[in-house]
Amino acid sequence: MQQQDLTVSQKKAFEDNEADFRRFDDELRGIRETARARLRAHGWDTDSDDTKPCLSCPCPDFLPGGALGNCKRGGCPHSLLDHDMPR
C-alpha cells in the first residue's frame, strides 16, 4: 500500500506507533545507561565502539543467527536488545 493511499485513521495509527517506538527507544536507552553504570560500579567495563557486549551476561559481542533473534554465541541466550549498541 502506498503512503498516499492511507486513510486518515491509518495515518493516525502509524503516528501512534511511531510515538510508542520513540518512547520505547527512550526507555531502552535509559535502561542501557543504568546497566552500564551498574556494571562499571562493580568493575566491569563495557565501553567499546567495535563490539556489542551483552549487558545481561559477560558475552563479549552479539553474534547474530540465534533462535528468535538471540545471540548465537555459546553461553549467551540473550537478544540483541540486551546487548550494548554503539552510542
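Remember, it's a predicted structure, so these values are computed and weren't measured experimentally. (Residues numbered from 1 in each chain as written. Predicted model: local features only at pLDDT ≥ 70, side-chain atom pairs only at ≥ 80, totals over all residues. Heavy atoms only, no water.)

### Quick look at the overall build of the protein chain
Piece 1. Secondary structure assignment for the protein chain yields one helix and zero strands.
Piece 2. Expected size for 87 residues packed as a compact globule is a radius of gyration near 12 Å; at 17 Å, the protein chain overshoots this value by more than 25%.
Piece 3. Counting every position in the protein chain, which comprises 87 residues, the buried fraction comes to 20%.
Piece 4. When contacts within the protein chain are restricted to residue pairs at least 6 apart in sequence, those whose partners lie at least 24 apart make up 34%.
Piece 5. Between the averaged position of the 13 positive side-chain charges in the protein chain and that of its 16 negative side-chain charges there is a distance of 2 Å. (Helix = DSSP H or I, 4+ residues; strand = E, 2+ residues; numbered from the N terminus. Rg over C-alpha atoms; globule rule 2.2 N^0.38 Å. Buried < 20%, exposed > 50% of the residue type's maximum accessible area, 1.4 Å probe, protein only. Contact = heavy atoms within 4.5 Å. Lys, Arg positive; Asp, Glu negative; His and termini not counted. Charge placed at Lys NZ, Arg CZ, Asp CG, Glu CD.)

### So, the pattern of salt bridges
Should their charged atoms come close, side chains of opposite charge can pair.
Piece 1. The full count for this structure, using the stated rule, is seven salt bridges.
Piece 2. Across the pair Arg-36 and Asp-84 runs a salt bridge, and its minimum N-O distance is 2.8 Å. With a gap of 48 residues between them, Arg-36 in helix α1 (residues 8-41) and Asp-84 in the segment after α1 connect regions that are remote in the sequence. The pair Arg-36 / Asp-84 is uniform in exposure class, with both members buried.
Piece 3. A single network of salt bridges, built from pairs that share partners, joins Glu-33, Arg-36, Arg-40 and Asp-84. (Salt bridge = Lys/Arg side-chain N within 4 Å of Asp/Glu carboxyl O.)

### Quick notes on unusual backbone geometry
Piece 1. Of note in the backbone geometry, Leu-68 takes a positive phi value of approximately 55 degrees without being a glycine.
Piece 2. Position of Leu-68 among the secondary structure elements: in the segment after α1.
Piece 3. On the basis of relative accessibility, which here comes to 87%, the residue Leu-68 falls in the exposed class.

### Looking at the state of the cysteines
Piece 1. This structure, assessed with the given rule, holds zero disulfides.
Piece 2. Here Cys-54 stays free of any disulfide, with the sulfur of Cys-57 as its closest cysteine sulfur at 3.8 Å.
Piece 3. Cys-57 takes part in no disulfide bond, and the closest cysteine sulfur to it belongs to Cys-76, at a distance of 3.7 Å. (Disulfide = S-S within 2.5 Å.)

### Some details on the nonpolar core
Piece 1. Among the nonpolar cores identified, the biggest contains six residues, and these are Cys-54, Cys-57, Cys-59, Phe-62, Cys-71 and Cys-76.
Piece 2. Setting aside residues up to four positions removed in sequence, Cys-71 forms contacts with Cys-59, Asp-61, Phe-62, Leu-63, Gly-66, Cys-76, His-78 and His-83. (Core = buried A, V, L, I, M, F, W, Y, C linked by side-chain atoms within 4.5 Å.)

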